[in-house]
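# Survey of secondary and tertiary structure
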Amino acid sequence: MSTEAPPFEVLPKQTYVPCKTGYLWGETRHKPFVVWVVDGDRVKVWDPTGGQRMGGFRWIARRNLHESGTTAHGKERRTGFRLRCGPPTSKDQELCGSCFRWVDPEEMAVSAWTLGHSTCKPCKIEIDERYRGL
Ligand SMILES: [Zn+2]
């Protein structure tokens, strides 16, 4: 048994994104997710794009989750997932499916009924600008 304290706490409703974005994007294991249940060394996570409409649950190892995208030595992580946001600070906050942040209702540009399909104002602006040039 190790007496070392865990580096940080993994909590339900936290969101995580892959440390190396863009790498093998589209594969399930490289998509962002929301923490659902923490069970010792295993974490049940939910990916809004993981299944048909309802998203998909899967279990991943706790050790794959990191507090930041860089190591204690300042090196960029290439594997695993880094903490993005959360847990939400109020029960009214909604998950933006684009940036994976919990956002207050007034900061939402598009509000969807299903979790993970809403879009916050900064993301909406970015999406609009991306399509303007086409
Ligand atoms: Zn957003």
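In the block above lies the structure referred to throughout.
About the criteria used
- Residues numbered from 1 in each chain as written.
- Predicted model: local features only at pLDDT ≥ 70, side-chain atom pairs only at ≥ 80, totals over all residues.
- Heavy atoms only, no water.
- Donors = N, O, S within 2.8 Å, 3.2 Å for Na, K, Ca; no water.
- Tetrahedral: all angles 85-135°; square planar, octahedral: opposite > 155°, others 65-115°.
- Helix = DSSP H or I, 4+ residues; strand = E, 2+ residues; numbered from the N terminus.
- Buried < 20%, exposed > 50% of the residue type's maximum accessible area, 1.4 Å probe, protein only.
- Core = buried A, V, L, I, M, F, W, Y, C linked by side-chain atoms within 4.5 Å.
- Contact = heavy atoms within 4.5 Å.
- Pairing = 2+ DSSP bridges.

Further remarks concern the coordination of the zinc ion. Distances from the zinc ion to its protein donors, C96 (SG), C99 (SG), C120 (SG) and C123 (SG), fall within 2.3 Å. Around the zinc ion, the 4 donor atoms are arranged such that angles at the metal cover 104 to 117 degrees; this shape is classified as tetrahedral. For the zinc ion, all donor residues lie on one chain, and their spacing in sequence is C-x2-C-x20-C-x2-C. With C96 in the loop between β7 (94-95) and β8 (102-103) and C120 in strand β10 (residues 119-120), this pair connects stretches of sequence that are 24 residues apart. In this pair, the class of C96 matches that of C120, namely buried.

What follows deals with the nonpolar core. Membership of the largest hydrophobic core is limited to 10 residues, which are F8, V10, Y16, F33, V35, V43, V45, I60, L65 and F81. Elements with a minimum of two residues in this core: β2 (33-39) and β3 (42-47). Beyond its immediate stretch of four places on either side in the chain, V10 contacts Y16, V35, V38, V43, R62 and L65. Ranked by size, the runner-up nonpolar core spans 7 residues in total, among them C85, L95, F100 and W102.

Take the pairing of strand β6 (residues 81-85) next. Relative to β6, strand β1 (residues 15-18) runs antiparallel, the two being bridged by 4 bridges. Across the sheet, the residue bridging to V17 is R82, located in β6.

Another aspect to go through is the sheet that holds β1. Note: strands within a sheet are paired through backbone hydrogen bonds, in either parallel or antiparallel orientation. The 6 strands lie next to each other as β4-β3-β2-β1-β6-β5, forming an open sheet whose pairing is mixed. The two strands at the open ends of the sheet, each matched to only one other strand, are β4 (56-61) and β5 (65-66). Of the strand pairs in this sheet, β5 and β6 are connected by 2 bridges, and their pairing is parallel. Across the sheet, H66 pairs through a bridge with R82, a residue of β6.

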